[in-house]
Amino acid sequence: MAQKNAALKFVILLGVVSLCADATYEGARSITGAFLGTLGASGTVVGLVAGLGELIGYGLRLVTGYLSDQTRKYWGMTTLGYFINTAAVPLLALAGRWEVAAGLMITERTGKAIRTPPRDVLLSHAAMRVGRGLGFGLHEAMDQIGAVLGPLMVAGMLYLQKGYQGGFAILMIPAVLGLVILLVGQRIYQNPREFEPKALDLKTEGLPQIFWIYLAAIALVAAGYADFPLIAFHFQQASIGSQDQIPLFYALAMGVDAIAALAFGRWFDRIGFTSLTLAVLLSSVFAPFVFLGNSVMALVGMVLWGIGMGAQESIMKAAVTGMVPADKRGSAFGIFNTGYGLAWFGGSALMGILYDQSVNTLVLFSVVIQLVAIPILLLVQRQIHRV
């Protein structure tokens, strides 16, 4: 019981760090597109910068995941990544050219790429003690509380007419706080692997086949998920929300994300993959509400979008933890995040093109490709039950 309580405290500590980090970069993310526009960037530039940042951010995780397994420097890489990830955001307040701002945006994504796989490995050890769904779900819930607070902090600065620079500057507070807590946690919990009850007895030269089948299903879900910048662009074009209101749509989705992550995490520990299938089924229909409706339907769509995000950032990773041995999780999380990110990037790029051609086609693509993932998830579930 003492080990379980200690593991839970560790999950909460990492959750607080992620809360501060998410408040920092999600707060910035709610206005970076518009900020680039004020610096003279075109719509094409905004799309390319956002897409390139995500592509680099996810693609680099393949390398950092592998390196974390090879060096076992999970804490060191996590700390370095968080520093780069959060330090780049307040510096945006000093950017006077869109090229500088774009560089800082990409730097922020690079930091996240460095810290995510090793951080997930550290978290996985404690999650194996308290419950995979609870561990990752609780972490994601706290993570998304930050994702709500950040945009609200920025919206408050805009309301006070402090401008985008003021919005970025206020985010220095959670950035510094998160780094301090991370350094304290590293001193207290020097070897989180001790939380894990026992090593998984998986004898394999590489990652198991079930992992690759699972990744294919998740890639389909990711490809059908519209990124918020495209949704925000639509809201602006369709006059669904004002400049000050659009960050609030995002804050709502992040709040739902937090609740969904915790709820689906608990259900994952009780009913397994059925909870994941249910989450995909619910979130697959967000697009019609977001892109084809009025402001009320848009709110419903953002709730469904938030449910999907909560599942993607919590129980999807919890499932990976149970598929691979501890000494290969860094590589597994790196590959998982890279595959997920590439699919997200490809799907987002395609949906951006489809938006200019036919919103109805965009909606059809989003719904269908996510629904195709469900039979594959059911196949994974059957194979896991046979083990």
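It should be emphasised that the depicted structure is a prediction, and the values quoted were computed from it without experimental measurement.

**Q** Just checking my understanding: could you explain the overall build of the protein chain for this structure?
**A** Counting its regular elements, the protein chain contains 17 helices and zero strands. Relative to the 2.2 N^0.38 estimate, which gives 21 Å for 387 residues, the radius of gyration of the protein chain is 20 Å and therefore close to what a compact globule would have. Projected onto its principal axes, the C-alpha coordinates of the protein chain cover approximately 55 × 45 × 30 Å. Out of the 387 residues in the protein chain, the part that is buried amounts to 57%. Contacts in the protein chain between residues at least 24 apart in sequence constitute 85% of all its contacts with a sequence separation of at least 6. As presented, the protein chain carries roughly 15,600 Å² of accessible surface, and 67% of it is formed by carbon and sulfur atoms. Side chains of the protein chain carry 25 positive and 20 negative charges; the gap between the two charge centres is 8 Å.

**Q** Could you clarify how one ought to interpret helix α4 (residues 74–91) in this entry?
**A** Given 3.6 residues per turn, any residue in an α-helix points the same way as the ones three and four places further on. When the terminal C-alpha atoms of α4 are compared, their 27 Å separation across 18 residues agrees well with the 26 Å that a helix rising 1.5 Å per residue should span. Of the residues making up α4, those classed as buried are Tyr-74, Trp-75, Met-77, Thr-78, Thr-79, Gly-81, Tyr-82, Asn-85, Thr-86, Ala-88, Val-89 and Pro-90.

**Q** Before we go on, may I ask you to explain the pattern of salt bridges in this structure?
**A** Should the charged atoms of two oppositely charged side chains come close, the side chains can pair. The tally for this structure, following the rule as stated, stands at six salt bridges. Its salt-bridge partner being Arg-119, residue Asp-120 comes within 2.9 Å of it at the nearest N-O pair. Residue classification places Asp-120 among the buried residues on the basis of a relative accessible area of 1%. Residue classification places Arg-119 among the buried residues on the basis of a relative accessible area of 4%. For Asp-120, the salt bridge goes to Lys-317, with nearest N and O atoms at 3.1 Å. Taken together, the residues span a long stretch of sequence, with Asp-120 in helix α5 (residues 98–130) and Lys-317 in helix α15 (residues 315–321) at a distance of 197 residues. Each member of the pair Asp-120 and Lys-317 is classed as buried. Overlapping salt bridges bring together Arg-119, Asp-120 and Lys-317 as one network.

**Q** Just checking my understanding: could you explain the confidence of the model for the protein chain for this structure?
**A** Should pLDDT be low for a region, the predicted coordinates there are not to be read in detail. For the protein chain, the average pLDDT comes to 86, and 95% of its residues sit at 70 or higher. Per-element averaging of pLDDT across the protein chain places helix α10 (residues 228–237) at the bottom with 78 and helix α8 (residues 172–188) at the top with 95.

**Q** Where do I start with the nonpolar core in this structure?
**A** If you look at soluble globular proteins, the nonpolar side chains tend to sit buried side by side. Formed by 117 residues in total, the largest nonpolar core has its most connected members in Tyr-214, Ile-231, Phe-291 and Trp-305. When sequence neighbours within four positions are dropped, the list of residues in contact with Tyr-214 reads Phe-273, Leu-276, Ile-315, Met-316, Ala-319, Val-320, Met-323, Phe-336, Leu-377 and Val-380.

**Q** Explain the packing of aromatic side chains here, please?
**A** Aromatic rings in a pair are described by how distant their centres are and how their planes are angled relative to each other. Following the criterion strictly, the structure yields 22 aromatic pairs and no others. Here the aromatic rings of Phe-10 and Phe-195 are separated by 5.7 Å at their centres, their planes lie at 40°, and the arrangement is tilted. Note that Phe-10 is positioned in helix α1 (residues 2–29) and Phe-195 in the loop between α8 and α9 (209–223), a separation of 185 residues in sequence. The pair formed by Phe-10 and Phe-195 is uniform in burial state, with each residue classed as buried. When the centroid spacing of 6.5 Å and the interplanar angle of 20° are considered together, the rings of Phe-336 and Tyr-340 count as stacked. Of this pair, Phe-336 and Tyr-340 both sit in helix α16 (residues 329–357), four residues apart, roughly one helical turn. For Phe-336, a relative accessible area of 2% puts it in the buried group. The class of Tyr-340 is buried, set by a relative accessible area of 4%. Grouped by ring-pair contacts, the aromatic residues Tyr-214, Tyr-225, Phe-228, Tyr-250, Phe-268, Phe-273, Phe-286, Trp-305, Phe-336, Tyr-340 and Trp-344 constitute a single cluster.

Cut-offs and rules
- Per chain, the residues get numbers from 1 upward, laid out in the order the sequence is written.
- Two thresholds apply to this predicted model, a pLDDT of at least 70 for residue-level local features and 80 or more for giving and counting side-chain atom pairs, whereas whole-chain, interface and lining totals are computed over all residues.
- The side-chain quantities take in all heavy atoms of the structure and omit both hydrogens and water.
- Secondary structure follows DSSP: runs of H or I at least 4 residues long count as helices, runs of E at least 2 residues long count as strands, and numbering of each begins at the N terminus.
- As defined in this context, the radius of gyration uses C-alpha atoms, and a globule is described by 2.2 Å times the residue total to the power 0.38.
- The classification of residues rests on relative accessible area computed with a 1.4 Å probe and restricted to protein chains. Under 20% of the type maximum is buried, over 50% is exposed, and intermediate values are partly exposed.
- Here a residue-residue contact requires only that any non-hydrogen atoms of the pair lie within 4.5 Å.
- Here, Shrake-Rupley sampling with a 1.4 Å probe gives the accessible areas, and only protein chains in the shown set may cover a residue.
- Residues scored as positive are Lys and Arg, those scored as negative are Asp and Glu, and His as well as the terminal groups of each chain are ignored.
- Note on charges: their place is set at NZ of Lys, CZ of Arg, CG of Asp or CD of Glu.
- To estimate how far a helix should reach, multiply one less than its number of residues by 1.5 Å.
- When a carboxyl oxygen of Asp or Glu lies within 4 Å of a side-chain nitrogen of Lys or Arg, that pair is called a salt bridge.
- Per residue, pLDDT measures the predictor's confidence, with a range of 0 to 100.
- Residues grouped as a nonpolar core are buried Ala, Val, Leu, Ile, Met, Phe, Trp, Tyr and Cys residues, joined through side-chain atoms within 4.5 Å.
- Here the aromatic set is Phe, Tyr and Trp, taking the six-membered ring for Trp, and pairing holds for ring centres within 6.5 Å; pairs whose planes are under 30 degrees apart are stacked, those over 60 apart are edge-to-face, and all others are tilted.

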